[in-house]
Amino acid sequence: MQDSENSTEQVAEAPQSVADEKTDTLPAPQPKPVVDEVKTPVPATAPREPSNIVVETVTVAEKPVRKVETTDIVETPERLIERKETVETTERVVDQVEVDEKAGRTVEQIEVVERTEKTVDTIAVDKTTGAAVETIVRAEPVEREVESVTVITETAATSVSRDPARLFVGPDHALSAEHKGLGILAIRADTPPSEQARLAMICEAFTAPLPDRPESETIGMVTVWPVSSTAHAEELNSGGAQQTCANAVERYGLAEGRKAIIDTERTGWILDNRGPYLLAWSPPGDKGTAGALVLLVDLSGVTKQEAATAIMQRWSSDIERNSALWAGKGWDVDLLRPIITSWREDFGARTLMLLGPVGG
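Just so it is clear, the model here is predicted, and its values are computed rather than measured.

When you go through the protein residue by residue, the secondary structure sums to 7 helices and 11 strands. Looking at the 360 residues of the protein, the share that counts as buried comes to 38%.

Moving on, we come to unusual backbone geometry. The amide bond that connects Gly275 to the next residue, Pro276, takes the cis arrangement and shows omega of 0°. A cis amide bond links Ser282 with the next residue in sequence, Pro283, at an omega value of -5°. When you line up the elements, Pro283 lands in the loop between β9 (277–281) and β10 (294–298).

This brings us to the packing of aromatic side chains. The full count for this structure, using the stated rule, is 5 aromatic pairs. With a centroid separation of 6.4 Å and an interplanar angle of 65°, the aromatic rings of Phe168 and Trp225 are classed as edge-to-face. Taken together, the positions of Phe168 in strand β6 (residues 166–169) and Trp225 in strand β8 (residues 221–226) put the pair 57 residues apart, joining distant regions of the chain. A residue is classified by how much of its surface remains accessible, and Trp225, at 0% relative accessible area, is buried. With a centroid separation of 5.8 Å and 55° between ring planes, the pair formed by Phe206 and Trp225 is classed as tilted. Taken as a pair, Phe206 in helix α1 (residues 196–207) and Trp225 in strand β8 lie far apart in primary sequence, 19 residues in all.

So, about the sheet that holds β9. Here 6 strands make up an open sheet; going across it, the order is β6-β8-β7-β9-β10-β11 and the pairing mixed. Two strands bound the open sheet, and with one partner strand each, they are β6 and β11 (352–355). For this sheet, the mean angle separating the axes of adjacent strands, direction not counted, is 25°. Relative to β9, strand β7 (residues 181–186) runs antiparallel, the two being bridged by 5 bridges. Residue pairing across strands places Ile184 opposite Leu279, the latter belonging to β9. Across the sheet, α1 is in contact with β6 and β8; its angle to β6 comes to roughly 125°. Here helix α7 (residues 333–347) sits on the sheet in contact with β10 and β11, set at roughly 145° to β11.

Take the confidence of the model for the protein next. Detail in the predicted coordinates should be disregarded across regions flagged by low pLDDT. Scored by pLDDT, the protein comes out at a mean of 80, with 78% of its residues at no less than 70. At the low end of the mean pLDDT range in the protein sits strand β5 (residues 142–154), at 76; at the high end sits β9, at 96. When the criterion is pLDDT under 50, residues 1–49 qualifies, and its contacts beyond four places in sequence or with other chains add up to 66 contacts. In this model, residues 156–160 is a region of pLDDT below 50 whose contacts with residues beyond four sequence positions or in other chains number 3 contacts.

Overall, the coordinates contain 1 disulfide when judged by the stated rule. Residue pairing for Cys203: its cysteine sulfur links by disulfide to Cys245, the two sulfurs lying 2.3 Å apart. Sign of the S-S torsion, about -80° for the bond between Cys203 and Cys245, identifies this disulfide as left-handed. Of the two residues, Cys203 is situated in helix α1 and Cys245 in helix α3 (residues 244–250); the sequence distance between them amounts to 42 residues. Neither residue differs from the other here; Cys203 and Cys245 are each classed as buried.

What follows covers the nonpolar core. Within the largest apolar cluster, 59 residues are counted, with the highest numbers of intra-cluster contacts made by Phe168, Trp225, Leu279, Leu295, Trp315, Ile319 and Trp331. Ranked by residue count, the leading element in this core is α1, at 7 residues. Excluding its chain neighbours within four sequence positions, the residues that come into contact with Trp315 are Arg166, Met221, Thr223, Leu278, Ala280, Leu295, Val297, Glu320, Trp343 and Leu352.

Every α-helix carries 3.6 residues per turn, so stepping three or four residues along brings you back to the same face. Spanning 16 residues, helix α5 (residues 305–320) covers 21 Å between terminal C-alpha atoms, matching the ideal 22 Å at 1.5 Å per step. Within α5 the residues assigned to the buried category are Ala308, Ile311, Met312, Arg314, Trp315, Ser316, Asp318, Ile319 and Glu320.

Let us now look at the pattern of salt bridges. Note that side chains of opposite charge can pair when their charged atoms are close. Tallying each qualifying case throughout the model produces 20 salt bridges. Here Arg266 makes a salt bridge to Asp263, at a shortest N to O gap of 3.8 Å. Across the pair Lys287 and Asp263 runs a salt bridge, and its minimum N-O distance is 2.7 Å. One end of the pair, Lys287, is in the loop between β9 and β10; the other, Asp263, is in helix α4 (residues 254–265), and 24 residues separate them in sequence. Take Lys287 and Asp263: they sit in the same class, and that class is buried. Here the salt bridges do not stand alone but share partners, grouping Glu256, Lys259, Asp263, Arg266 and Lys287 into one network.

About the thresholds
- Residues numbered from 1 in each chain as written.
- Predicted model: local features only at pLDDT ≥ 70, side-chain atom pairs only at ≥ 80, totals over all residues.
- Heavy atoms only, no water.
- Helix = DSSP H or I, 4+ residues; strand = E, 2+ residues; numbered from the N terminus.
- Buried < 20%, exposed > 50% of the residue type's maximum accessible area, 1.4 Å probe, protein only.
- Phe/Tyr/Trp six-rings, centres within 6.5 Å; stacked < 30°, edge-to-face > 60°.
- Pairing = 2+ DSSP bridges.
- Axes fitted to C-alpha atoms, helices over the stretch in contact; angles between N-to-C directions.
- Contact = heavy atoms within 4.5 Å.
- pLDDT = per-residue confidence, 0-100.
- Disulfide = S-S within 2.5 Å.
- Core = buried A, V, L, I, M, F, W, Y, C linked by side-chain atoms within 4.5 Å.
- Expected span 1.5 Å × (residues − 1).
- Salt bridge = Lys/Arg side-chain N within 4 Å of Asp/Glu carboxyl O.

Right under this line is the structure:
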């Protein structure tokens with residue numbers, strides 16, 4: 001890990017404890033006499049109530065599955081013919097999620113469609129003149145469904161209460177103008193599958209119950225966990241999803257997490273630990289701008305549930321609910337310094353840091 005001259009804090013290296021289709025031939029249909037069509041009036045219906053069903057469809061871009069190439073050369077007295085045949089197969093995954101919030105029911109339909117395209121490239125060379133004629137023929141692509149899975153999840157009608165400052169968000173999430181601070185749980189794109197259990201543990205700390213807020217208290221800062229689709233974010237936020245954190249880790253929004261890490265590295269501090277990282281900006285519009293101050297919690301060394309929960313609880317009390325830190329035009333550096341010192345005493349030298357050109 002390296003830091004820039006402008007970083008507020010420096011810390012040592014983070015601890016690591018922490019089918020082919022068959023068509024039947026049918027007899028030609030006999031013509032039917034033409035009769036005048038009489039349309040029956042359709043009675044007016046009562047206005048429909050607003051739907052409680054949210055449908056989200058995610059289509060994964062086609063990816064190559066296999067490619068087979070064969071080449072044949074045929075020689076006749078007049079010509080030399082080279083025939084090259086290429087058969088390319090790709091796969092497309094369509095994932096549709098239908099969430100009925102009122103009924104507490106989620107239906108996920110996953111379809112895997114295979115697409116095969118054949119191209120024949122023929123080059124005929126006239127032995128006498130040496131002239132070559134190339135002919136390329138592409139057959140109409142053939143698609144077939146190779147897998148279809150339907151998963152139905154029934155959830156309890158009552159939802160789990162969660163602090164409104166902790167949200168799962170989809171890729172099109174937009175903050176309210178009232179929000180003065182934004183935190184993001186950023187997971188590295190190269191995190192190995194062996195880390196999933198640890199990430200789920202950190203997610204459980206992220207969603208753990210927090211002390212109730214007074215009814216008059218406004219939510220000025222939020223901390224978000226990105227996921228790959230809006231429908232799944234709404235399902236996770238409802239508290240009705242089974243295995244919430246396992247789903248949140250599996251469907252983590254890597255693009256948003258990667259962008260948050262890149263935006264942080266604009267400070268000159270390189271995030272090369274295993275992560276994940278808790279990153280925050282105030283105001284949220286500073287995210288991605290040069291010279292922005294970034295609050296960083298390095299969770300690389302967190303390996304136990306108790307430590308993860310303690311850090312997330314302190315993040316709530318010291319940062320999310322501490323309006324004095326972010327109520328102005330940005331982070332109040334003077335108020336942050338004793339908080340950073342306290343975190344280092346309680347959680348170690350590599351936890352809370354403020355990165356950016358603030359000096360000191």
